[in-house]
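Close look at the chain arrangement
Residues per chain, in single letters:
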Amino acid sequence: MTSPTPPQEMTMDIFLKGIWEENPVFVMLLGMCPVLAVTNTTINALAMGLATTFVLLCSSILVSLLRHAIPKQVRIATYIIIIATFVTMVDYLIQAISLELYNALGAFIQLIVVNCMILGRAESYASRNGLYRSVISACGVGAGFTLALLCLGTVREVLGAGTLLGYPLFGPSFEPWVVMVLPPGGFFVLGCWLLLFAWLRQRKDRTTEALRHGR
Amino acid sequence: MAADSLTFIFLNALVINNFVLALFLGICPFLGVSAKLTTAFSMGLATTLVMIISSLCAWFINQVLVMFDLEFLRLIAYIAVIASAVQLVEMSMKKFSPALFRALGIFLPLITTNCAILGLALFQTFRDYNLAQSLVFSLGAGGGFILAIVLMAGLREKLELAEVPSIAEGAAMTLMLGGILSLIFMGFAGMGGGG
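Residues numbered from 1 in each chain as written. Chains lettered and ligands numbered in written order. Predicted model: local features only at pLDDT ≥ 70, side-chain atom pairs only at ≥ 80, totals over all residues. Heavy atoms only, no water.

The next point concerns the interface of chain B and chain A. Every contact between the two is made by 36 residues of chain B and, on the other side, 34 residues of chain A. Carbon and sulfur atoms supply 86% of the area buried between chain B and chain A, which totals about 3100 Å² over both sides. Three residues stand out in chain B for area buried against chain A, namely B:Phe24, B:Ile167 and B:Leu175, and they jointly supply 22% of the buried area on that side. Where chain B touches chain A, the interface holds 0 salt bridges. Along the contact surface separating chain B from chain A lie 0 residue pairs in polar contact (both at pLDDT 80 or more). Among the elements that line the side of chain B that touches chain A, the one with the most residues is helix H8 (residues 171–186) of chain B, at 10 residues. Among the residues making up the side of chain B that touches chain A, the classes are represented as 28 nonpolar, 8 polar and no charged. (Contact = heavy atoms within 4.5 Å. Buried area = accessible area lost by both parts, 1.4 Å probe. Salt bridge = Lys/Arg side-chain N within 4 Å of Asp/Glu carboxyl O. Polar contact = N/O pair within 3.5 Å; in protein donor to acceptor, adjacent residues only side chain to side chain. Helix = DSSP H or I, 4+ residues; strand = E, 2+ residues; numbered from the N terminus. Nonpolar A, V, L, I, M, F, W, Y, C, P; charged D, E, K, R; others polar.)

The structure is reproduced here in structure tokens:
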């Protein structure tokens, strides 16, 4: 374990950082492939988010526990093998729980292995911090990733199919905006979310600037 | 065209189901290394090279794994092969073209975590391609990757001269461009069946 700091505030900070300040999708732009590919419905987005969070959590735990035992030279290869092991588990798990979901997500479950976000967390956080902090951080980043996927999935499903979680929202006269569930929609919706966040950040900067001048 | 003819497999991977624009594989380098045309092209070439090597190796490994009934090791075996192939390309590039090696920088080792390469190996396994089909498939996918990243780099170089609203600079703009390119590539969908 690392430093015995007062845990309460610290842990909350680490957790929230993953969701907002260092959101893997909207801020760091990591792990974009599944973000764009499997978010055509809300349920797919949720499943993908949970599967990725599970792999992230388990690999963080193992990497953090083994961080003194892994030689520096082969650490990346070791992390990849650890991640691949958990991904294989998730792959068989989803296949057992729901074959329908498994077919909808397709190869993207196995492609969690090459999600740069997981390797990035293992390298930059779990290999340098104790078990407790690594777990909290992995939960935060996982939650941030799942939230981002849900943001995309919900918008795309509502616009592209007129449904939410499979229930129709708008009545029979709604003409679905089909392109939103097709590949281009993924690019457009994510682009719009990024625009929104950039706009919010600029507005916040302007307000702080104005306040400083007013004082 | 029959669905398993070599021409169809090539065209399918190249444009109809373009790896980047239709299947969302390899988005990270597509967004990250597409700022300059020359760098983008060499990145595409390096990725294609790794694709061809790892596709061939993955085919042989799959034969061995199926023979010994060890399919659950497939993912780990594939990723190990890809990592070694990337190492190989990296070493040869360092020897034969140090300038290119420096230009690609951190993105060269990151080819390992390019999902297009693992995706290629997994798809060819799912579809039971034979050796020739795998080779053609990897050539098509590599060509498609080069096509997408070069198109994107060309557009972004032109946009350098345009006045973009400050909130749309960077990733948001690139994603919008990707969306438009993807719309264009949907036009090819009429050429053949899905999958």
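Before going further, it helps to spend a moment on unusual backbone geometry. Residues and elements named next belong to chain B. For phenylalanine 24, which is not a glycine, the phi torsion comes out positive at approximately 60°. Within the element layout of this structure, phenylalanine 24 appears in the loop between helix H1 (6–16) and helix H2 (27–32). A positive phi angle is found at aspartate 128, which is not glycine, with a value near 55°. Along the chain, aspartate 128 turns up in the loop between helix H6 (115–126) and helix H7 (131–159). For aspartate 128, a relative accessible area of 66% gives the class exposed. (Buried < 20%, exposed > 50% of the residue type's maximum accessible area, 1.4 Å probe, protein only.)

Low pLDDT means the predicted coordinates in that region are not meant to be read closely. Per-residue pLDDT for chain A has a mean of 84; in total, 95% of the residues score no lower than 70. The secondary structure element of chain A with the lowest average pLDDT is helix H1 (residues 7–19) of chain A, at 72, and the one with the highest is helix H3 (residues 42–65) of chain A, at 91. (pLDDT = per-residue confidence, 0-100.)

Moving on to the side chain of B:Gln124. Residue and element names in this part refer to chain B. Mapped onto the elements, glutamine 124 comes out in helix H6. When its relative accessible area of 3% is taken as the criterion, glutamine 124 is described as buried. Sequence-distant contacts of glutamine 124, that is, excluding residues within four places in its chain, are made with Ser55, Ala58, Trp59, Tyr129, Ser134 and Phe137.

Together, A:Val178, A:Leu182, B:Ile180, B:Leu183, B:Ile184 and B:Met186 give the surface a local cluster of nonpolar side chains, amounting to about 480 Å² of exposed area. By the element assignment, B:Ile180 lies in helix H8. A residue is classified by how much of its surface remains accessible, and B:Ile180, at 45% relative accessible area, is partly exposed. (Patch = residues over 30% accessible without salt bridge, like charges linked within 9 Å, V, L, I, M, F, W, Y side chains within 5 Å. Areas by Shrake-Rupley, 256 points an atom, 1.4 Å probe, with all protein chains shown as cover.)

Let us now look at the environment of A:Val90. All names here are of chain A. Residue placement: valine 90 occurs in helix H4 (residues 75–97). The buried category is assigned to valine 90, whose relative accessible area is 4%. For the pair valine 90 and leucine 119, spaced 29 residues apart in sequence, the C-alpha separation works out to 17 Å. Ignoring sequence-local partners within four residues, the contact set of valine 90 consists of Ala51, Phe54, Val55 and Ile109.

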